[in-house]
Every structure is written in C-alpha cells, then in structure tokens.
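Take a look at the letters that make up each chain.
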Amino acid sequence: LYSICDLGVDDILYATVHNAMATSEDGFLFLPNHHFKLEDALEAGYRGINLDVCNCGGNYQFCHGVCHFGARDIVEVFANINRFLDLNPTEVVAIPLQINNGVGDTVDIKVLYNLMLQVPGFTDKFYVHENLIEDWPTLRESIDANKVRIIGHEFENRNPAQVLSSISPHTSVS
C-alpha cells in the first residue's frame, strides 16, 4: 500500500464499517448491522469506523436509533480505537460520527469532545483541517506527524460538505 502514501488523505477510499457499534456481540437487540465488534473490524483491516452518537437522558453513548436496543460506551470505544492505533502507529483511521439528535436529547459537541479528552492521547492525534481551501496532507505526512485520526461529524438535515469538518475546540459547529 505504499503507492497511496503520497495521496491526500481525502483522496483515499477507506474500507468503512457503517454503524460499527451496532453488533450482536455487543448486545444490540434489534437488527444489528454486524456480528462482530468494531475492534475486530480494525484488526481485519477496516480503516473507517462510522459511529452514531446519542444522548440518552444525559448519558452519551453510541446507539443505533433507539437508546434501549443496544449501546456502547463512548469512552471505552475511543480508548479501544486509541489502543489499536498506539499498537499500529502507521495506520490512519477515519471516524465519521453521526450526531443523532433524533434519539433522546440533543447532542452537545462540547460534551462529546470532553468525553474524547478522557482517553489519554486520543485528541492529540486528531488532524484538524481548518482551511477548506488548502490541500489536505498526504497519508505519509499524516503518519509522520502522528495525526492519524480523522474525526468528522454529520447532523441530520445538514449539507454533506460538513461531514468532514473536524471536531475540536477551535472549530465551530453551526
């Protein structure tokens, strides 16, 4: 895969697991998307992990449309992804987050970011693309800078161009 190292990280297709948290192994009762945990998907070579963020009565978790039909702890999942990347320092993982305000209470991005901060070293490896006019770094540049997590967010009824906006205390979400 060295042939893709000089491509921009936004020019690469990542094998992605949609609704990666919704697995039968994790106890999702109704229509799980997958049988095996998202951590197994990382080991199998998937480098995109799509997750749905829900605020279920003040408890932020990854769920799939209904709070009580299955959930994963946000800090635990990010810690597991972080551990994988610490053990595999040349891997880049895209983590598109679907902010699911249609389930439970409204998701506050700042609360979500504070949960990310509970995982030591996790946010240090974020790449924040603040200037949409500039080119994205190459895969090689991202690896060399140890910026190996690309976090994006998606809100219902929002423009798809906002999906790749990064979550950080320096980025506003409109």
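Residues numbered from 1 in each chain as written. Predicted model: local features only at pLDDT ≥ 70, side-chain atom pairs only at ≥ 80, totals over all residues. Heavy atoms only, no water.

What to know about the nonpolar core
Now for step 1: Grouped together as the largest cluster of nonpolar side chains are 33 residues, with contacts concentrated most on Leu-51, Val-53, Phe-62, Phe-78, Ile-81 and Leu-97.
Now for step 2: At the level of secondary structure, the elements contributing two or more residues to this core comprise α1 (38-44), β3 (51-56), β4 (59-63), α2 (74-87), β6 (93-104) and α3 (109-117).
Now for step 3: If one sorts the elements of this core by residue count, α2 sits on top with 7 residues.
Now for step 4: Sequence-distant contacts of Val-53, that is, excluding residues within four places in its chain, are made with Tyr-60, Gln-61, Phe-62, Ile-74, Leu-97, Gln-98, Ile-99, Asn-100, Val-107 and Leu-112.
Now for step 5: Grouped together as the second largest cluster of nonpolar side chains are 7 residues, Cys-5, Val-9, Trp-136 and Leu-139 included. (Core = buried A, V, L, I, M, F, W, Y, C linked by side-chain atoms within 4.5 Å. Buried < 20%, exposed > 50% of the residue type's maximum accessible area, 1.4 Å probe, protein only. Helix = DSSP H or I, 4+ residues; strand = E, 2+ residues; numbered from the N terminus. Contact = heavy atoms within 4.5 Å.)

What about a nonpolar patch on the surface?
Now for step 1: A cluster of nonpolar residues, Leu-29, Phe-30, Leu-31, Val-66 and Phe-69, forms a patch on the protein surface that exposes about 550 Å² of accessible area.
Now for step 2: Inspection of the secondary structure assignment puts Phe-30 in the loop between β1 (16-17) and α1. (Patch = residues over 30% accessible without salt bridge, like charges linked within 9 Å, V, L, I, M, F, W, Y side chains within 5 Å. Areas by Shrake-Rupley, 256 points an atom, 1.4 Å probe, with all protein chains shown as cover. Salt bridge = Lys/Arg side-chain N within 4 Å of Asp/Glu carboxyl O.)

Quick look at the packing of aromatic side chains
Now for step 1: Evaluated as defined, the whole model comprises 4 aromatic pairs.
Now for step 2: Members of the aromatic cluster, each reached through a chain of ring pairs, are Phe-62, Phe-78, Phe-122 and Phe-126. (Phe/Tyr/Trp six-rings, centres within 6.5 Å; stacked < 30°, edge-to-face > 60°.)

Some thoughts on the pairing of β4
As a general feature of sheets, a regular strand has side chains that alternate between the two faces.
Now for step 1: With 4 of 5 residues buried, β4 lies mostly within the body of the structure.
Now for step 2: Judged from the 3 bridges that link them, β3 and β4 form a sheet pairing that is antiparallel. Paired with Cys-54 across the strands is Gln-61, a residue of β4.
Now for step 3: Two successive antiparallel strands, β3 and β4, enclose a turn made up of 2 residues, where Gly-57 displays a positive phi of approximately 65°.
Now for step 4: Here 3 bridges tie β4 to strand β5 (residues 71-73), and the two strands are oriented antiparallel to one another. Within β5, the position partnered with Phe-62 by the bridge is Arg-72. (Pairing = 2+ DSSP bridges.)

What about a negative patch on the surface?
Now for step 1: Where like charges cluster on the molecular surface, the negative patch consists of Asp-10, Asp-11, Glu-134 and Asp-135.
Now for step 2: Structurally, Asp-10 is set in the segment before β1.
Now for step 3: Given a relative accessible area of 41%, Asp-10 falls into the partly exposed group. (Lys, Arg positive; Asp, Glu negative; His and termini not counted. Charge placed at Lys NZ, Arg CZ, Asp CG, Glu CD.)

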